[in-house]
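Here is how the chains run, residue by residue.
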Amino acid sequence: MRRALLAVLAGSVMLTGAACDSDAESTGAAPEATPASTAPSSPPPPDYTANTKVVCSKLQSLYTVELRDFGAAMGKMITYREAKQTAEATKAQATAVTELKQVAAKIRKETAAAQNPEFKAAGLTSAAKVDASAANKAYIKKATTLKVLNSTIEGQFKEWLSPVAGYCAA
């Protein structure tokens, strides 16, 4: 089996070499001209790089301000729940919901300035994810302890921000 395979490979190499040699010994006739393409060439796609960097730099404060404030409100809510301080826990939950709504509003506002229509659409998707979490409060209710919050919050941020993160990576 090996010998047959080697023979086939060797034959292929020899044919390829012969084909190249036969081209070298051509009669000297000029190669056929290929007809020019009649389809107009499309212009290169627009470069959104500079604008995307500007929008991404504005979104960066999400991590340092809005999402940090949301995490702090969640921490307070959990602490108040554990201390059986229902009124304070309810206020902290309302603050967390407000913070989420502010995150969604910031994503919408900043990505509205994006020149790349796909980035702009990704911003709307991210904002909708955050708004959905603020509206149904499922994520907030799941965070019953600080340990649960710490283990889930990073994953939740990734879920909310994954549509825009690809445009702002590196």
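Preceding block: the structure.
Residues numbered from 1 in each chain as written. Predicted model: local features only at pLDDT ≥ 70, side-chain atom pairs only at ≥ 80, totals over all residues. Heavy atoms only, no water.

Novice: What should I look at first to understand helix α2 (residues 49-59) in this one?
Specialist: The α-helix winds at 3.6 residues per turn, so residues separated by three or four positions along the chain end up facing the same way. Within the span of α2, buried status applies to N51, T52, V55, C56 and L59. In an axial view of α2, the angular spread of the buried residues amounts to 135°, which keeps them on one side of the axis. Seen from the open side of α2, the exposed residues pointing more than 90 degrees away from its buried face are A50 and K53. Where the residues of α2 are buried, they touch α3 (61-82), α4 (86-112), α5 (117-136) and α7 (146-168). (Buried < 20%, exposed > 50% of the residue type's maximum accessible area, 1.4 Å probe, protein only. Helix = DSSP H or I, 4+ residues; strand = E, 2+ residues; numbered from the N terminus. Arc of directions from axis to C-beta. Contact = heavy atoms within 4.5 Å.)

Novice: It is not clear to me how the pattern of salt bridges should be interpreted in this structure. Could you clarify?
Specialist: Proximity of charged atoms lets side chains of opposite charge pair with each other. This model, assessed by the stated rule, comprises four salt bridges. E110 serves as the salt-bridge partner of K109, at 3.9 Å between the closest nitrogen and oxygen. Among the residues examined, K109 registers a relative accessible area of 60% and is labelled exposed. Relative accessible area serves as the criterion here: at 9%, E110 is assigned to the buried category. Across the pair K158 and E154 runs a salt bridge whose closest N-O atoms are separated by 3.6 Å. Of the two residues, K158 and E154 both sit in helix α7, four residues apart, roughly one turn of that helix. (Salt bridge = Lys/Arg side-chain N within 4 Å of Asp/Glu carboxyl O.)

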